[in-house]
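Below are the chains, spelled out letter by letter.
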Amino acid sequence: NNLTTAKADITISLVSRLNEELFAVAPNPAINKTIYLYFKGNTGVAYLYNLQGKLLQAYPIVNGQNILQYSTLDKGIYLIKVNAETSNQTQKIIVL
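Residues numbered from 1 in each chain as written. Predicted model: local features only at pLDDT ≥ 70, side-chain atom pairs only at ≥ 80, totals over all residues. Heavy atoms only, no water.

Asker: What am I meant to see in the pairing of strand β2 (residues 34–50) here?
Answerer: Regular strands have side chains that alternate between both faces of the sheet. Sheet topology places strand β1 (residues 23–31) next to β2; five bridges connect them, and they run antiparallel. The residue bridging Val25 from the neighbouring strand is Leu37, located in β2. In this structure, the hairpin formed by β1 and β2 is closed by a connection of two residues, where Asn32 is found at a positive phi of approximately 60°. Inspection of the sheet shows β2 paired to strand β3 (residues 55–69) by 13 bridges, in the antiparallel sense. Among the inter-strand pairings, Ala46 is bridged to a residue of β3, identified as Tyr59. Relative to strand β4 (residues 76–84), β2 runs antiparallel, the two being bridged by seven bridges. Among the inter-strand pairings, Leu48 is bridged to a residue of β4, identified as Ile80. (Pairing = 2+ DSSP bridges. Helix = DSSP H or I, 4+ residues; strand = E, 2+ residues; numbered from the N terminus.)

Asker: Please explain unusual backbone geometry as it appears in this structure.
Answerer: Apart from glycine, the bulk of residues carry a negative phi angle, and the bulk of peptide bonds sit in the trans form. Of the consecutive residues Ala26 and Pro27, the connecting peptide bond is found in the cis state with omega at -15°. For the bond from Asn28 to Pro29, the omega torsion is 20°, close enough to zero to count as cis. Checked against the element boundaries, Pro29 lands in strand β1. The backbone phi angle of Asn32 is positive, close to 60°, even though this residue is not glycine. Checked against the element boundaries, Asn32 lands in the loop between β1 and β2. Although it is not a glycine, Lys33 adopts a positive phi angle of roughly 60°. The class for Lys33 is partly exposed, based on a relative accessible area of 45%. (Buried < 20%, exposed > 50% of the residue type's maximum accessible area, 1.4 Å probe, protein only.)

Scope: geometric values only; no functional claims are made or implied.
What follows is the structure in structure tokens.
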């Protein structure tokens, strides 16, 4: 079905981006109150911030696919910062 195909396409796109980055998120823009985060470290924490720097949520993450659920975010731009054992990285995400 279309949902399964869309999830497979997202997975392929994200895994290919992990060659250069600590993590990748999709879909971006985010919809349906779900963000898929693919992480190539062992363990870490993903922090979700608004653009004013306020921490909104922290998610423990592991190697591979992680599903970040959110229910109270307004439409807008947010930052996801991942802290891992040896490095940190921040990416922008749009919520529709």
